[in-house]
Amino acid sequence: MNTQNLAQVASSVDPERLLTLLRGGAWETVGHRENTYERLRVRDDSGVRSSSIIVPLNQEASDFELLMEAALADIKSMTPDVWKRSIEPLLNITSADTFSFRKETSAPDGLIAWNDGSELINSARRTLLAGAKSYMEPSRYFSNRFGQFANRYLNHILMGQSRAGSYIVTALAPVEVRVPIRGTSKKDTPELGLDGVNVARVRDVTSCVVRSLEAATEAIDHFKVSGSMSGFDDQVDRGVSYELVTALRDITGGAEESGITVDLAPTDQTLSNESTTETRRFKFSGGDASVFERASHQLATNVEAERVLVQGRVHLLTKKEAGGPGVVGVDDGRYRYRIRLGSDEEYHDAVMAHDEDRDITVEGELSREGSIRWLYGARLHETLGSSDHNSPETLPSQNEIQSQLELSMEEPHPGPQ
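Only a predicted model underlies this, so the values are computations on that prediction, with no experimental measurement involved.

Draft legend 1. Fine view of the pattern of salt bridges. Throughout the structure, instances matching the rule amount to 20 salt bridges. Of the charged contacts, one joins aspartate 204 and arginine 201 as a salt bridge, the two residues approaching to 3.4 Å between their closest N and O atoms. Overall, aspartate 204 belongs to the partly exposed group, its relative accessible area being 30%. Arginine 201 gets classed as buried once you look at its relative accessible area, which sits at 4%. Because the salt bridges share partners, they merge into one network encompassing Arg126, Arg249, Asp250, Glu293 and Arg340.

Next up, the structure:
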């Protein structure tokens, strides 16, 4: 990105936004005068006192632009790398809400294990998508519904520079951009549509993401007080969904602590007379991962779904946590399924079938998530002898499978675990 004239940037920069960017980078506050200025200097763990800068706060002052231009020049000269990578590009966004997804691990500040970092980015993406889907219509389980709209929202989100202090993934959502509610051709201009009718203002979608995070946090708090998972069901209308809780499960999993901070930029529609950034913070502990895991099962198994019977060989066995529910992969020769079994005993039977190259028969509620077929509320019926799945003649017909399923559903069996 080409460097803009500092005078032009100074004339439009929001001092609160600049302070947020500085504090998240290499700078710390060392003094201030309310509504007048804030003094900052570069962090230096060696104890050497560095020069400080003054960021003016009063945009109505006659010398505001001159003081801001001087502050920007000092920032650029004292921390050129931080300026180029983390500050200048974000100042060029006139108004944007900022998401910070934070994960504290055993790695040193600013570092994270590669796989954990990749999962954090993916989980942040899924959190935004789940909240965006709730803008269209709250649902306990979306699957592929509203996926195109959510991805159009995500296409307007920018990823910012990771910050030190833990490992933080930053996402910026421009406030005034419009997203088509339905698919449009390239020649269409969403900006000319009616908000809430054929276009959605990005700020309004972002507000739904924030609301869904509030609802999930309240559900967690309710569980900690009562031991009941009912809070997740009660908060579906406010944005809690299977997709959201699985994203939060992965953000919190393996973390000593994690959190999501949302800085909502001031807009022309802000009711407050003060043009300040509103900050919402959502903090999670490592133990919340298991609660979100339980909530994901509850939200997935209480939806209307097609119950199927699958027979095949076990090709995958995995457990995210010791003592937790296991996931089994079954290959029936046509498709591969991922199955959440309800008990340790059934998981152990699946392990034995895998070791002995034997087939299993599993019943559950079929859900398609992209190219993956999941069975929820599943139970293992029986372990069979091995078969050659490379030979189509050995596969049961659809009529045979359906007949087995109808017989099995006549028998009483426990509900979802």
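Draft legend 2. Layout of the sheet that holds strand 1 (residues 27–33). What the three strands build is an open sheet, ordered 1-2-3; its pairing is antiparallel. The open sheet has two edge strands with one neighbour each: strand 1 and strand 3 (52–56). Ignoring strand direction, the axes of neighbouring strands in this sheet form an average angle of 30°. In terms of strand pairing, strand 2 (residues 37–42) meets strand 3 through five bridges, oriented antiparallel.

Draft legend 3. Highlighting the packing of aromatic side chains. Taken as a whole and assessed by the stated rule, the structure comprises seven aromatic pairs. Relative to phenylalanine 149, the ring of tyrosine 135 lies with its centre 5.6 Å away and its plane at 20°, an arrangement referred to as stacked. Residue tyrosine 135 is located in helix 5 (residues 114–136), and its partner phenylalanine 149 is located in helix 6 (residues 147–155); the two are separated by 14 residues in the primary sequence. Ring pairing ties together the aromatic residues Phe232, Phe284 and Phe292, which thus form one cluster.

Calculation criteria
- Residues numbered from 1 in each chain as written.
- Predicted model: local features only at pLDDT ≥ 70, side-chain atom pairs only at ≥ 80, totals over all residues.
- Heavy atoms only, no water.
- Salt bridge = Lys/Arg side-chain N within 4 Å of Asp/Glu carboxyl O.
- Buried < 20%, exposed > 50% of the residue type's maximum accessible area, 1.4 Å probe, protein only.
- Pairing = 2+ DSSP bridges.
- Helix = DSSP H or I, 4+ residues; strand = E, 2+ residues; numbered from the N terminus.
- Axes fitted to C-alpha atoms, helices over the stretch in contact; angles between N-to-C directions.
- Phe/Tyr/Trp six-rings, centres within 6.5 Å; stacked < 30°, edge-to-face > 60°.

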